[in-house]
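# Summary of the model geometry
Next come the chains, spelled out residue by residue.
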Amino acid sequence: MRPIIQHSRWAAIVALLVASLAVAAQTAPPRLIDAHEHFDGEPGVLENLLAKLKAADGIGFLLVTQKGFPEASKFMHEHPGHFIGFGDINLDDPDVLNRIDRFHRAGFRGLGEITSSQKNYDDPSYWPIYDRAAKYHMILLFHTGVVSRENPDRPENVSFDRMRATRLDLIARHWPKTIVIGAHLGNPDYAEAAEVARWSPNLYFDLSGSSLIKMNGNYKYFRSIFWWSGTTSSHTPAGGRNAFEKLVFGSDVFGGELGEFDDGLARYHAMLDACSVPPDAQAMIFSGTMWRILQQQQKEMDADKGN
Ligand SMILES: [Zn+2]
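### Quick word on the overall build of the protein
Within the protein, the secondary structure is distributed over 11 helices and 8 strands. For 307 residues, the compact-globule formula gives about 19 Å, and the C-alpha radius of gyration of the protein, at 20 Å, lands near that figure. The principal-axis extents of the C-alpha atoms in the protein amount to approximately 70 × 45 × 40 Å. In the protein, buried positions account for 40% of the 307 residues. Within the protein, counting contacts between residues at least 6 apart in sequence, those at least 24 apart form 72% of the total.

Here it is, written out as structure tokens:
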């Protein structure tokens, strides 16, 4: 019987290896997809992030800068199935299209966090960038709303106004197959963000950042923002999903500090519970929506390869 046992062990090992080769090979969704994790080459962070994701049965969208790219690519290759690579691009970089090509060749499946552009996000001069992303079926993650000012003494060409959530309306409409995520729900213009997402099936938002800290104690407010659950009317799109499903989970961990992973999760749960969002809708927010999107993206990429 010994050879049979060995054979089944080998079969199990091979099955594990095959399953780990690609996230999309998984049949069941993970419990958590964190769509917003920054990596800028900070030492030891990827190991800690991996441990957090494993403990949470999670997958992370890793937003990788040029500086973090060599280490992140190697690490993701060595630990398949836990991270989805996003290339951190600058819309005003003259070499941006080549950078997108390089991220694509490395197996990255999205771009972001796009932020602090010199023109409005929807400026036509940026359209070749969105065309290139669409060609590769890449997901776009944009910072929306107020933005930090890290060096107040230094002059900078940055304005919140160019990064309003409403700047994603045109992008979502013009590239209807591209999945667009706006980070921070347009803080503080939540109502505008939710309204543009309501009419665009390819537009989602995360609620990372200071909003859930600011609104602590007033979480029910978000019911007035995501108001249309169960509404049947010619004035709102058909489909019937819970309005809160325009949200996806994002922790926005950055600078090697991972505390926001747990804190952000706790705040999301507290807000969704306060708003009586049912468990099936919460499962979509924490994983199901992005999982469905990743599966669809995999199909489109496979079709391109002629598989
Ligand atoms: Zn941001």
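Here the narrative resumes, following the displayed structure.
### Some points on the packing of helix α4 (residues 96–105) against helix α5 (residues 127–135)
Close contact between α4 and α5 brings their axes to 10 Å; oriented N to C, the two are set at 15°. The orientation of α4 with respect to α5, classified from their angle, is roughly parallel. As α4 runs across α5, the sense of the crossing is right-handed. Taking contact as the criterion, the partners of V96, L97 and I100 in α4 are, on α5, P128, I129, R132 and A133. Tallied by class, the residues present in the contact of α4 with α5 amount to 6 nonpolar, no polar and 1 charged.

### What about the pairing of strand β1 (residues 32–39)?
The side chains of a regular strand alternate, residue by residue, between the two faces of the sheet. The element β1 is largely enclosed, with a buried count of 8 among its 8 residues. For β1 and strand β2 (residues 58–64), the ladder comprises 6 bridges, and the chain directions are parallel. Across the sheet, the residue bridging to L32 is G58, located in β2. Where the polypeptide runs from β1 across helix α2 (residues 45–55) and back to β2, its parallel neighbour, the crossover connection is right-handed.

### Considerations on the confidence of the model for the protein
The pLDDT averaged across the protein works out to 91; a share of 91% of its residues lies at or above 70. The model gives residues 1–21 a pLDDT under 50, and that stretch makes 6 contacts with residues more than four places away or in other chains.

### Some thoughts on the sheet that holds strand β7 (residues 203–206)
Judged by pairing direction, the sheet is parallel, and its 8 strands sit side by side in the order β1-β2-β3-β4-β5-β6-β7-β8 without closing on themselves. A single partner strand is all that each edge strand has here, and the edge strands are β1 and β8 (247–248). Sheet contacts for α2: β1 and β2; angle to β2, the most-contacted strand, approximately 155°.

### Quick notes on unusual backbone geometry
Keep in mind that most residues, glycine aside, have a negative phi and that most peptide bonds are trans. Cis geometry marks the peptide bond from G112 to E113, where omega comes out at 5°. Mapped onto the elements, E113 comes out in strand β4 (residues 110–114). Across the junction of N187 and P188, the peptide omega takes the value 10°, indicating a cis bond. Position of P188 relative to the elements: it lies in the loop between β6 (180–183) and α7 (190–199).

### Digging into the environment of I100
Tracing the sequence through the fold places I100 in helix α4. Measuring from C-alpha to C-alpha, the distance between I100 and I129 comes to 8.3 Å, with 29 residues separating the pair along the chain. Those residues in contact with I100 that lie beyond four places of it in its chain are G87, I89, L111, R132 and A133.

### Re the pairing of strand β3 (residues 83–87)
When you tally the buried positions in β3, you get 5 out of 5 residues, the bulk of the element. Going residue by residue along β3, you find F83, G85 and G87 tucked away on one face and I84 and F86 tucked away on the opposite face as well. Taking the sense of rotation as the criterion, the β-α-β connection linking β2, helix α3 (residues 69–78) and β3 turns out right-handed. Relative to β4, β3 is paired through 2 bridges, and the arrangement is parallel. For G87, the partnering residue across the bridge sits in β4 and is L111.

Basis of the calculations
- Residues numbered from 1 in each chain as written.
- Predicted model: local features only at pLDDT ≥ 70, side-chain atom pairs only at ≥ 80, totals over all residues.
- Helix = DSSP H or I, 4+ residues; strand = E, 2+ residues; numbered from the N terminus.
- Rg over C-alpha atoms; globule rule 2.2 N^0.38 Å.
- Buried ≥ 20, exposed ≤ 12 C-beta atoms within 10 Å, placed from the backbone.
- Contact = placed C-beta atoms within 7 Å.
- Axes fitted to C-alpha atoms, helices over the stretch in contact; angles between N-to-C directions.
- Parallel < 35°, antiparallel > 145°, perpendicular 65-115°, else oblique.
- Left-handed = near helix turned anticlockwise from the far one by under 90°.
- Nonpolar A, V, L, I, M, F, W, Y, C, P; charged D, E, K, R; others polar.
- Pairing = 2+ DSSP bridges.
- Right-handed = clockwise from strand over helix to strand, strands pointing away.
- pLDDT = per-residue confidence, 0-100.

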